[in-house]
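# Analysis of the macromolecular model
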Protein chains: 6
Amino acid sequence: MNFLIVGEPLICFNPTENGALRFVSQFKKTIGGAELNVAIGLSRLEMDVTYISAVGNDALGDEIIHFIKSEGIDSKHVLRSNEHTTSLYIKEIMNESNINSYFYRKPSATEILNEKHFEEFKPSLFFMTGIFPALSCYHLDLTRNLMKSMKEKNVTIAFDVNVRRKLWSVEEMQSAFKMLFPYIDILFIGDDEAELLFGIANFEELVDFLTVFNISEIVMKQGKDGAIVKASNQIFSAKPKPLKTIDTVGAGDAFAAGYLYQWAQNSSIENRVHWGNKLAGYVISTLGDNEGLPTLIQLNRNTINR
Amino acid sequence: MNFLIVGEPLICFNPTENGALRFVSQFKKTIGGAELNVAIGLSRLEMDVTYISAVGNDALGDEIIHFIKSEGIDSKHVLRSNEHTTSLYIKEIMNESNINSYFYRKPSATEILNEKHFEEFKPSLFFMTGIFPALSCYHLDLTRNLMKSMKEKNVTIAFDVNVRRKLWSVEEMQSAFKMLFPYIDILFIGDDEAELLFGIANFEELVDFLTVFNISEIVMKQGKDGAIVKASNQIFSAKPKPLKTIDTVGAGDAFAAGYLYQWAQNSSIENRVHWGNKLAGYVISTLGDNEGLPTLIQLNRNTINR
Amino acid sequence: MNFLIVGEPLICFNPTENGALRFVSQFKKTIGGAELNVAIGLSRLEMDVTYISAVGNDALGDEIIHFIKSEGIDSKHVLRSNEHTTSLYIKEIMNESNINSYFYRKPSATEILNEKHFEEFKPSLFFMTGIFPALSCYHLDLTRNLMKSMKEKNVTIAFDVNVRRKLWSVEEMQSAFKMLFPYIDILFIGDDEAELLFGIANFEELVDFLTVFNISEIVMKQGKDGAIVKASNQIFSAKPKPLKTIDTVGAGDAFAAGYLYQWAQNSSIENRVHWGNKLAGYVISTLGDNEGLPTLIQLNRNTINR
Amino acid sequence: MNFLIVGEPLICFNPTENGALRFVSQFKKTIGGAELNVAIGLSRLEMDVTYISAVGNDALGDEIIHFIKSEGIDSKHVLRSNEHTTSLYIKEIMNESNINSYFYRKPSATEILNEKHFEEFKPSLFFMTGIFPALSCYHLDLTRNLMKSMKEKNVTIAFDVNVRRKLWSVEEMQSAFKMLFPYIDILFIGDDEAELLFGIANFEELVDFLTVFNISEIVMKQGKDGAIVKASNQIFSAKPKPLKTIDTVGAGDAFAAGYLYQWAQNSSIENRVHWGNKLAGYVISTLGDNEGLPTLIQLNRNTINR
Amino acid sequence: MNFLIVGEPLICFNPTENGALRFVSQFKKTIGGAELNVAIGLSRLEMDVTYISAVGNDALGDEIIHFIKSEGIDSKHVLRSNEHTTSLYIKEIMNESNINSYFYRKPSATEILNEKHFEEFKPSLFFMTGIFPALSCYHLDLTRNLMKSMKEKNVTIAFDVNVRRKLWSVEEMQSAFKMLFPYIDILFIGDDEAELLFGIANFEELVDFLTVFNISEIVMKQGKDGAIVKASNQIFSAKPKPLKTIDTVGAGDAFAAGYLYQWAQNSSIENRVHWGNKLAGYVISTLGDNEGLPTLIQLNRNTINR
Amino acid sequence: MNFLIVGEPLICFNPTENGALRFVSQFKKTIGGAELNVAIGLSRLEMDVTYISAVGNDALGDEIIHFIKSEGIDSKHVLRSNEHTTSLYIKEIMNESNINSYFYRKPSATEILNEKHFEEFKPSLFFMTGIFPALSCYHLDLTRNLMKSMKEKNVTIAFDVNVRRKLWSVEEMQSAFKMLFPYIDILFIGDDEAELLFGIANFEELVDFLTVFNISEIVMKQGKDGAIVKASNQIFSAKPKPLKTIDTVGAGDAFAAGYLYQWAQNSSIENRVHWGNKLAGYVISTLGDNEGLPTLIQLNRNTINR
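We now turn to the structure provided with this report. All values derive from a computational prediction rather than experimental measurement.

What counts and what doesn't
- Residues numbered from 1 in each chain as written.
- Chains lettered and ligands numbered in written order.
- Predicted model: local features only at pLDDT ≥ 70, side-chain atom pairs only at ≥ 80, totals over all residues.
- Heavy atoms only, no water.
- Axes fitted to C-alpha atoms, helices over the stretch in contact; angles between N-to-C directions.
- Helix = DSSP H or I, 4+ residues; strand = E, 2+ residues; numbered from the N terminus.
- Parallel < 35°, antiparallel > 145°, perpendicular 65-115°, else oblique.
- Left-handed = near helix turned anticlockwise from the far one by under 90°.
- Contact = heavy atoms within 4.5 Å.
- Nonpolar A, V, L, I, M, F, W, Y, C, P; charged D, E, K, R; others polar.
- Buried area = accessible area lost by both parts, 1.4 Å probe.
- Salt bridge = Lys/Arg side-chain N within 4 Å of Asp/Glu carboxyl O.
- Polar contact = N/O pair within 3.5 Å; in protein donor to acceptor, adjacent residues only side chain to side chain.
- Pairing = 2+ DSSP bridges.
- Least-squares fit on C-alpha atoms with pLDDT ≥ 70 in both.
- Buried < 20%, exposed > 50% of the residue type's maximum accessible area, 1.4 Å probe, protein only.

### Concerning the packing of helix H2 (residues 59-70) of chain A against helix H2 (residues 59-70) of chain F
For the pair H2(A) and H2(F), the least separation of the axes is 7 Å and the interaxial angle reads 125 degrees. Considering their axes alone, H2(A) and H2(F) lie oblique with respect to each other. For the pair H2(A) and H2(F), the sense of crossing is right-handed. Between H2(A) and H2(F), the residues in contact are A:His66, A:Lys69 and A:Ser70 and F:His66, F:Lys69 and F:Ser70, respectively. Residue classes in the contact of H2(A) with H2(F) are distributed as no nonpolar, four polar and two charged.

### Some words on the interface of chain B and chain A
Taken together, the contacts link 23 residues of chain B with 23 residues of chain A. When the two sides are added together, the surface that chain B and chain A hide from each other amounts to roughly 2,200 Å², 66% of it contributed by carbon and sulfur. If you sort the residues of chain B by the area they bury against chain A, B:Arg22, B:Phe27 and B:Tyr104 come out on top, with a joint share of 28%. The interface formed by chain B and chain A includes zero salt bridges. Taken together, the connections running from chain B to chain A amount to 11 residue pairs in polar contact (both at pLDDT 80 or more). Taken together, the elements giving at least two residues each to the side of chain B that touches chain A come down to strand S3 (26-32), helix H2 (59-70), strand S6 (88-95) and strand S7 (98-104) of chain B. When grouped by side-chain class, the residues that make up the side of chain B that touches chain A number 11 nonpolar, six polar and six charged. When strand S3 (residues 26-32) of chain A meets S3(B), the two strands line up antiparallel, connected through three bridges. Bridged to A:Phe27 within S3(B) is B:Phe27.

### Structural notes on the interface of chain E and chain D
As a measure of interface size, the accessible area lost when the parts come together is often cited. Chain E puts 13 residues into the contact, and the matching count from chain D is 13 residues. Where chain E abuts chain D, roughly 1,000 Å² becomes buried across the two surfaces, and 47% of that area is made up of carbon and sulfur atoms. Per-residue buried area on chain E facing chain D is highest for E:His66, E:Ser70 and E:Arg301; these three make up 45% of the total on that side. Here D:Asp62 and E:Arg301 are joined by a salt bridge, their closest N and O atoms 2.5 Å apart. Taken together, the links from chain E to chain D amount to four residue pairs in polar contact (both at pLDDT 80 or more). Contributions of two or more residues to the side of chain E that touches chain D are made by helix H2 (59-70) and helix H9 (296-305) of chain E. No other element matches the five residues that H2(E) contributes to the side of chain E that touches chain D. Classifying every residue of the side of chain E that touches chain D by side-chain character gives two nonpolar, five polar and six charged.

### A short note on the relation of the copies chain B and chain A
Each copy of the sequence occupies a distinct position, and chain B is placed on chain A by a rotation of 180 degrees and an axial shift of 0.0 Å, giving an RMSD of 0.1 Å. Both copies of the chain, as the preceding transformation shows, are related through a two-fold rotation axis. Taking C-alpha positions as reference, the residue of chain B nearest the rotation axis is B:Phe27, located at 2.5 Å. Of the interface residues in chain B, 100% have counterparts in chain A that sit at the interface too, so the contact is made through matching surfaces.

### What about the sheet that holds strand S3 (residues 26-32) of chain C?
Pairing in this open sheet of eight strands is mixed, and the strands run S7(C)-S6(C)-S2(C)-S3(C)-S3(E)-S2(E)-S6(E)-S7(E) from one edge to the other. The strands lining the two open edges of the sheet, one partner per strand, are strand S7 (98-104) of chain C together with strand S7 (98-104) of chain E. On average, adjacent strands in this sheet sit at an angle of 30 degrees to one another, irrespective of strand direction. In this structure, strand S6 (residues 88-95) of chain E lies alongside S7(E), joined through seven bridges in antiparallel fashion. Within S7(E), the residue paired with E:Tyr89 across the bridge is E:Phe103.

### Quick notes on the pattern of salt bridges
Taken as a whole, this structure holds 76 salt bridges over all chains when the rule is applied. Notably, a salt bridge pairs B:Lys151 with B:Asp185, separated by 3.1 Å at the nearest N-O pair. Within this pair, whereas B:Lys151 is found in helix H3 (residues 137-152), its partner B:Asp185 is found in the loop between helix H4 (170-180) and strand S10 (186-190), the two being separated by 34 residues in sequence. Classification of B:Lys151 as partly exposed rests on a relative accessible area of 30%. Across the salt bridge formed by B:Arg272 and B:Glu217, the nearest N and O atoms sit 2.9 Å from each other. Of this pair, B:Arg272 sits in helix H8 (residues 269-284) while B:Glu217 sits in strand S11 (residues 217-221); the two residues are 55 residues apart in sequence, bridging distant segments of the chain. Each member of the pair, B:Arg272 as well as B:Glu217, carries the same accessibility label: buried. Here the salt bridges do not stand alone but share partners, grouping A:Arg22, C:Arg44 and C:Glu71 into one network.

Honestly, it's all geometry; don't read function into it.
So this is what it looks like as structure tokens:
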């Protein structure tokens, strides 16, 4: 079982204090990117993961590649561009419910990727999110072509819609996702995203709406209420055990990683959802986008400790 | 006596430790920009300074505008662009003689500036550097047009060549500067810049070479050796008193500010050079691009303290 | 519409950790002062504000003046004293409900202010708080004389009682406030302050008690319950929407700023209270005394973002 | 009234951020040790306390001795060993309910202590916890011998079981504690500890179970529910007033210190429990193991401030 | 052999960065005071030292007393004043040769000291500096009276002139010191101080000038050149071995401590000067006023390590 | 060309300030270990490196393994021990020439390594230092056996003596090294180490002394003076270009890495020494033991930048 994941990694400058940026002088540099979070989640559980991307030929690009390597992810296919900077963003935390991000990601170094970079791969599962196709028209085209060729190789395709309103409009997302949905085997979508994109209020409506696209596993994430899944005519939902929330960023990515980990073990839908909830729980109770994702060795140590 | 200065301000993320960026996690945010440094230097000496520029309509742009205001500089003509981010760069200090900067400044918000924004002004002195015209062809055109119209209003024009090889090539600089020199009354150029741009080895050669452009004051900065000036057929040079160097960034801007401050007092060339050296001394013995520039009130306090 | 505000600014050394000071080694320096907070709140909403005060002729005084300028407040009337230090205090945060402050503010540099410094002004509104008259007998006399002369110029006078038991006794406050109330047009008082000072338990009692002073707008602040106001025979109260509290310091000042901003727009009492609550909400959900006060530009950005 | 306390002090490296240690680069060094916390609690209330222990002849040992001195505790009997390092541990805070500690304390420098170091002392009260005898067989033997000889001198012996499962097994604890209980006059035990060690569900069962050991004061700590005590056929329990919990480490030690302080004043059981709860409240609302323990002078200042 | 030392301790807020204070936001709190430095130097060498002083009844005063205790100095005679704050100062480090200090020390809590607090003492040596008498006329009077009564008890009196121009004028110092010199047995004075106060250019002149006061040991400190001493008709001078200078503050105090330590051992003048130089060397190669002063245990460890 | 390196990695707690540890509260965690530094140096130059070691089954061990992976070194053969902690040390920087280290490395987790873990390997070069055999008798035996079996496989053996007087005595080192020298092909030794161990004053004496061991390349490191080498009857020495020294720790390891990198390219002795000096230069001008070691990609970028 091996995973192929494509996405854009970003350097993040996190303020060390809340408030408007002009009152904050110290920042902590971390690494983010929704698809990279999923790759890390799977790799920490000792899955075989290849991450394809591109970064600038600069010190920030060096850092991202070292980080990917440190996680045991195959980084040989992260390209370097002399013409681009490595994408970054700066966070401004006014208060816990009012967070601004200022992005420096256009044009993205990932525009040097093309279909040839993917030809050699025939993974068990190919994972993308709705962020990569939002970066430019070129990225949207590339996304469709990659999905198409993976489909032709009988690769399972998983996709998390990951709405990013700063990158494109609702209308653009609607038409893009309708184009991509026919290729998708496992779809992750938040309940708020379903509402925003398609005016859909509950899971039945969502399943109805998606029937035409013939998606075999539909996973609707519901925040604190866990998730509800339809797969092979079975429906299952589960709530996570309540945990003190430190930082919700990356929780959806953690859910996808936990879910797909159990998919790779070929285990039941129940197990997939439970592990999705479990990994999301680790991430929301830890500061950072991916720092909370556990390794198998940590999970085993925890079990022993109790 | 009032000054009009145009330039691009930048947010800088400074590492709190030396070394490749992947080993540094904490950064301190400051504000830089060669022209802004000169504006600050003059304003701290209680000159009347207007700074014209443009930044993004984001929190980093807010910060720059608050900072400019805090220095008593007229900031009403710093425009906000919804289409641009505020320019920034990240420093990497391998060691004291090996410093890399990674810029995120293209396209620059300052491309929304045009000649109309300058029509209302007829300052005593108009100051620019070679960085602004390097940002794009549009910036170079705008620079020439601004200089031309200022010249027509009989405004004195001061210019610091400020070579930036990351922004344009030596050839581009040569042709650009030759186009701009005829408008210039006071020229600041480093000895290393004269060598790089025109293959010129000493001040006599420089004066010879520039004769054709009819520049009334030629100021060649010589780092630790101070500066040498030719003005109204007079030549004067002076070395600064030796000081422990903490950080040379901004020293050239400080020199220009000190020199132009005495120009505004209509004092002798000797005084102009002495104050150029003096302000440069304050800046090199302090960390930061403009933090060391003294206020009149500080200078007076120092005198009392002794 | 323009505001004239007089008060004492203070440098604050904030511990970076909770606990008795002997266990805390790092401190962060900020700037506070109740009247300055109100000035900042109004200036960020692009009101025309002049702040009159005095600080030491030292580096801490320099910092305060730069900060005031950065906020777009007219700082030309902040005097410098060679005979005084700039006032400061050190915070000790034992836990969230047990905070000690150690003040170094006596004698205050503001004792060099006198009536002549105010002669030239005839603002739309003159704002003071109960802190300034508490600093010394001289300050109390000056306060009364300033109110008297503003009254004679038909200036509207707003006053926030701002009880400070470390500066004077309840008895001193009672007699001082009774002396000042006759000059006041808009009075801000907390429900706990009304209880402490006059043994008053509810708004009707307060209105009764104050009838004799002929105050046209009486604003009783009620913490989490918002505020209740009587103005031109109209009574209105409103609760703010609940927000996670980070730091309540400055909330009362923010309320006053929001209220007076709408007063300056000549809008309804309802609007005045709503904006008072709104600004207080920004401040309590942000660390710091005035850092949370929004600018008009931020408010507009927030609206767009949603 | 004077106290003799024996225990092992530890240097603690506390992460400045939550998360797996590989994501944390900065640590803050503090000093801990359950018995030392009790010694500090009593000394800050101006009790006469001697602490007997041993540390390495290294800079960390120096620090511990300076700290003990700074608290006014007699440190002359803290020995230095050239053969041992000073014990330390590193904390890893995954989230508030998942904290790992990595100890470097074996062999402990305290193994150079022997009975002769205690011969000269005949304190009013001798205090130990279940940690010291857990460090090695030698420490267990020494504990029994010290208790025996103190008993022979008619010294009151207080003991807090302080379960440490990383140091020994439940079975080892059971047999050790049964050996030590006959010497004990005042026993502190948590309800969770009673459950773990002896399968005891409530206070009556505990009192029954302990009858055979003839312990005159049995104090069962119940976390947020305070404590329940049986002494001289009297039973008393009290809950603490609710406080926001910052950090529960050291709360049990604080309870013991407060309880024993009132024991030393010969005051009622009610007072002993109230002061136990009171000191525990100070510690849980403050970061750190002993930083929150109040001095008499602080307690008096607080009273004046209100 | 025991020492009695009187002085004023101060809390110091040290900037974590160089530059004007408005550019520095973080500060580190330390403890200073010339006389306290000498007390620490002697106590670390295991001399018996009593320090008499007074601080505010506040958290900063608590900290100073804990610190004094941690150094093994007798702190029982440090009084607490409810009417005073604990003295403090803020450092501003423009660059290594331009350091400003902003003091908040008037009135000083030490003005509650009087002769009665000293009656019980008859130390081997009484040490003061020229800072204490500079704090007010009362302090000068007290200084003279203390010296007089110590003299009557045949106590050896050591005095370091410690010029502080911010506290009093050269003229005031001249007259004060001439009044105090007749009581002094061991005088420490810097060569720059001798020049400033009495226009004296070399040691012979100094000895001549002081003949009238009948001082038995005259120690002239010469910075990097060590010191020159005249005692019992013997003259001796020695240079220290050169060390990289980190921070010269406290070097003079360290010299005095080293010198007086050997005086207390009754060793030769050579040894006194060598130990003065040695301790000064430790302090100048360490950041902080007294942090570099070594303990006997450290000195022994160092010897073993080589 | 591939390298096999065995050694013990250590976590290091570095003080953020100079001074005795009791005055330092903040520490920064890094990773060190002489052999690991060499492995990193070679891997950054894109050599194929396997590092064999063992760490505790704890979070510090996790960190070391992630770090090794991030550098592209094969980490599959770093074992985990449930019975050991991960080794660590704490630095105390009194001043630049007086640094103490407090080690917690006995027993070392590497004692779970045995010959079987090496059987599968036949690298181009096997590298060890004199630290590993110093950890215990077992380590010394294992070192000899590993060298013997590598020799039998015709593997080139490189060894850096790396004197550690805290781990063993000069006499122990002499006898150990004489036992190991016969197996060694490339020997690195400092001039000060040659002096300490064998009383040898210059290179000729060293070559003479070592003749009996038949070492084909003898490399004597001379600090600022570079190195002198004898190989295949050729002698070559070179000084590095002078650089400002920030931190000399790791310079010897960097020299070995640079030297062996060129050895692997089969280039001349001159080149080997030049690259040894070059890499040492990078490390001494950067803070940290291995942070300064450049990657090939950085070296190429630097060339372009100039």
